[in-house]
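Understanding the architecture of this molecule
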Amino acid sequence: MPDLHIKTLTGSDTSLKSEAIDKLKESIRGNVLTPESEQYDEARTIWNAMIDKRPAMIVRCASAADVMRTVRFAGEHKLLVAVRGGGHNVAGNAVCDGGLMIDLSPMKSVRVDRKGMTARVEPGVTLGEFDRETQAFGLATPVGINSTTGIAGLTLGGGFGWLSRKYGLSIDNLISADVVTAAGELVTASETDHPDLFWGIRGGGGNFGAVTSFEFRLHKVGPEVLAGLIIHPLDAAGDVLRFYRDFIKTTPQEFVCWFVLRLAPPLPFLPAEWHGKAIVVLAVCYAGNVKEGERVAKPLRSFGKPVADIIGPMPFTAWQTVLDPLLAPGMRNYWKSHDFKEASDGLIDVLIAHARRIPDPQTEIAFALLGEGVTKVAKEATAYTHRDAGFVMNVHGRWDNPSNDAKCMGWVRELFQATAPFATGGAYVNFMTQEEQERVPSAYGSNYDRLAALKKKYDPDNFFRLNQNIQPAK
Ligand SMILES: Cc1cc2nc3c(=O)[nH]c(=O)nc-3n(C[C@H](O)[C@H](O)[C@H](O)COP(=O)(O)OP(=O)(O)OC[C@H]3O[C@@H](n4cnc5c(N)ncnc54)[C@H](O)[C@@H]3O)c2cc1C
């Protein structure tokens, strides 16, 4: 291999001698890719097609030892480093231009301890892979709602989904994690071992090290749950959402319902005359007894005149993939997000007004409901702090033709501005784009100073900087 031009931490170029690269290659079980390698394009491609970055070198790690050796190698040569888990993050920090990408996606093992109700998970595992392993024993833990998302990035930012109202965030179910620090050392972080680091990685993203293993607590879920969609015309959305918002407060924590405003996709369960028309979708999951779920969901299903109601018993693993076709990789994505305490009348009106002008059939306004499982943990107990947000809005600007960039991004920004007066001012790091670095302090609120001090302790040179970055305290 010839010498390689590569970016350093400060952005300057340096030349890596071929002997140094060969030595790294010999020391790891995984492999090293450069722009000439066959798998290079596949390895640098991530979920969001707006991100098209070209690392000088990609190390596809097979093990924790590979990660330690690669971090030490990068540290020795002061290289710019990106860390990739599932490659789903919309900001695209999993990949970098000109630097070294540490690709953890080949690390795919999941081991379930069914008696102890825990699971050990490597960082290349996707949510679908994780669910398949745990559901084999009727177990699960809260993760996101799209099966191709990576467990690593999701967990490090907080992580929520259908089980969060009952069981909290993904981080609330994290028992321990193995972390390769900026010094290239592997430490275990838990309540008893490096508890400060354990606090920081529960919401602090990839700022403190590369996680090579997560240990989760599991709960009995399914394997069959009551789940599905209720779809109403957008014209009815004002009444539907007001009813929903009040109704949800009367339901038990097993019951979760998120809502989405969008144009109706051409799916077989929707009457053809509705395809392409503006709708509001209620996405329901009852993670308890199916019969009880039917009783709880009844008033919501009986409200108004839905265009479709496809709620029924289904395997939890199937429900976890139902929204995949609407969130498939390879599209251009630009997101904006706010936290809200309540879905107030004023907010609902603004959402509906913007949904009438939605710029692309793939674009949508999605609202996640969090709830009691999340709020019961103290705000300062983990780095993730905005536990009082009842709803997290994610405006999924999504389209395929680059000529629509300005139109779609403009609409997303307008909606973000228009909803700001109703928002708490907090933010969820996992939904933030590459241009939102200035929002990082508000994403961590009163926990920010403690995080900056922790960053100084574990990563004083800001080696792990390609993330929603916490600057080391001065
Ligand atoms: C379609 C879609 C649906 C989503 N749904 C949900 C949802 O329901 N709930 C929710 O909470 N979030 C959701 N998200 C957001 C998701 O949590 C983030 O995008 C998350 O960062 C994805 O993790 P990843 O490993 O796939 O991403 P990557 O892009 O690989 O990683 C994101 C960042 O995390 C860091 N990182 C990743 N792995 C490691 C590691 N092992 N060690 C250290 N740092 C690491 C790096 O800084 C990296 O840049 C969704 C995202 C998408 C695209």
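This text goes with the structure placed above it.
Residues numbered from 1 in each chain as written. Predicted model: local features only at pLDDT ≥ 70, side-chain atom pairs only at ≥ 80, totals over all residues. Heavy atoms only, no water.

1. Here's the deal with the overall build of the protein chain
What counts here: Secondary structure elements follow DSSP: runs of H or I no shorter than four residues count as helices, runs of E no shorter than two count as strands, and numbering proceeds from the N terminus. Here's how the labels work: a residue is buried when its accessible area is under 20% of the maximum for its type, exposed when over 50%, partly exposed in between, all with a 1.4 Å probe on protein chains only. The contact definition used throughout considers only heavy atoms, calling two residues in contact when any of these lie within 4.5 Å. The Shrake-Rupley method, run with a 1.4 Å probe sphere, supplies the accessible areas, and residue values consider only the shown protein chains as cover. When charges are counted, Lys and Arg contribute as positive and Asp and Glu as negative, whereas His and the chain ends are disregarded. By convention, charge coordinates are those of NZ in Lys, CZ in Arg, CG in Asp, or CD in Glu.
Helix and strand content of the protein chain: 15 helices and 21 strands. With respect to the three principal axes, the spread of C-alpha positions in the protein chain is 70 × 55 × 40 Å. Taken over 474 residues, the protein chain has a buried fraction of 60%. For the protein chain, the proportion of contacts with a sequence separation of at least 24, taken over those separated by at least 6, is 73%. Accessible area for the protein chain stands at about 18,100 Å²; split by element, carbon and sulfur atoms hold 53% of it. Separation of charge centres in the protein chain, based on 52 positive and 54 negative side chains, amounts to 3 Å.

2. Description of the site of the ligand
Inclusion rule: Near residues are defined by distance, with any heavy atom within 4 Å of the molecule or strand qualifying the residue. Distance and chemistry together define a polar contact, namely a pair of N or O atoms within 3.5 Å, with one atom able to donate a hydrogen and the other to accept it when in protein, and with adjacent residues in sequence counting only for side-chain atoms on both sides. Residue classes follow a fixed rule: Ala, Val, Leu, Ile, Met, Phe, Trp, Tyr, Cys and Pro count as nonpolar, while Asp, Glu, Lys and Arg count as charged, and any other residue, Gly among them, counts as polar.
Taken together, the neighbourhood of the ligand is formed by 35 residues, with Gly85, Gly86, Gly87, Phe160 and Tyr428 sitting nearest. A distance of 2.9 Å is found between an oxygen atom of the ligand and a backbone nitrogen or oxygen belonging to Gly150. Note that an oxygen atom of the ligand is positioned 2.6 Å from one of the side-chain N or O atoms of Tyr428. When the free accessible area of the ligand is taken as 940 Å², the share hidden by the protein chains comes to 97%. When residues in the shell around the ligand are grouped by element, the largest group, 4 residues, is from helix α5 (residues 151-157). Per-class residue counts for the shell around the ligand are 18 nonpolar, 16 polar and 1 charged.

3. Some details on helix α3 (residues 64-76)
The line we're drawing: Under the convention used throughout, the expected extent of a helix is 1.5 Å for every residue step, that is, one less than its residue count. Here the arc refers to the directions that run from the helix axis out to each C-beta atom.
The end-to-end C-alpha separation of α3 is 18 Å, in line with the 18 Å expected for 13 residues at 1.5 Å each. Among the residues making up α3, those that are buried are Asp66, Val67, Thr70, Val71, Phe73 and Ala74. What you see down the axis of α3 is that its buried residues fit within an arc of 160°, all on one side.

4. Details of the environment of Pro460
Its location among the elements puts Pro460 in the segment after α15 (448-458). Pro460 sits 36 residues away from Thr424 along the chain, and the two C-alpha atoms are 31 Å apart. If we skip the residues at most four places from it in the chain, Pro460 touches Lys455 and Pro472.

5. A short note on the nonpolar core
In a soluble, globular protein the nonpolar side chains are often hidden away together inside. The following threshold applies: What makes a nonpolar core is a set of buried Ala, Val, Leu, Ile, Met, Phe, Trp, Tyr and Cys residues whose side-chain atoms join them at distances within 4.5 Å.
With 87 residues, the main nonpolar core has Phe160, Tyr244 and Phe255 as its most contacted residues. Residues within four places of Phe160 in sequence aside, it is in contact with Val143, Gly144, Leu169, Ser170, Trp258, Ala368, Leu370, Tyr384, Val392, Tyr428 and Phe431. Judged by nonpolar contacts, the second largest core, of 40 residues, contains Val121, Tyr444, Tyr448 and Tyr458.

6. Looking at the environment of Val280
One can find Val280 in strand β16 (residues 278-286). Relative accessible area serves as the criterion here: at 0%, Val280 is assigned to the buried category. Separated by 40 residues in sequence, Val280 and Val240 place their C-alpha atoms 8.5 Å apart.

7. Details of the sheet that holds strand β5 (residues 81-84)
The strands making up a sheet associate through backbone hydrogen bonding, with each pair oriented either parallel or antiparallel. So the rule is basically this: Strands pair, by our definition, only if DSSP identifies at least two bridges between them. Fitting a line to C-alpha atoms yields each axis, with helices limited to the stretch in contact; the angle taken between N-to-C directions then spans 0 to 180 degrees.
Judged by pairing direction, the sheet is mixed, and its 4 strands sit side by side in the order β3-β4-β6-β5 without closing on themselves. In the strand order of this sheet, the two ends are held by β3 (31-33) and β5, each with one partner. Shown here is a sheet whose adjacent strand axes are inclined to one another by a mean of 20°, direction ignored. Where α3 meets the sheet, it contacts β4 (57-60), β5 and β6 (100-103), and its direction lies at approximately 170° from that of β6.

8. A closer look at the sheet that holds strand β12 (residues 210-217)
Pairing is antiparallel in the open sheet, where 5 strands are placed in the order β7-β8-β12-β10-β11. In this open sheet, the two strands that pair with only one neighbour each are β7 (110-113) and β11 (186-190). Recorded for the sheet is a direction-independent mean angle of 15° between the axes of neighbouring strands. As paired elements, β7 and strand β8 (residues 118-121) share 4 bridges and run antiparallel to each other. Across the sheet, residue Arg111 finds its bridge partner in β8, namely Arg120. Contacting β10 (174-180), β11 and β12, α3 runs over the sheet at an angle of about 45° to β10.

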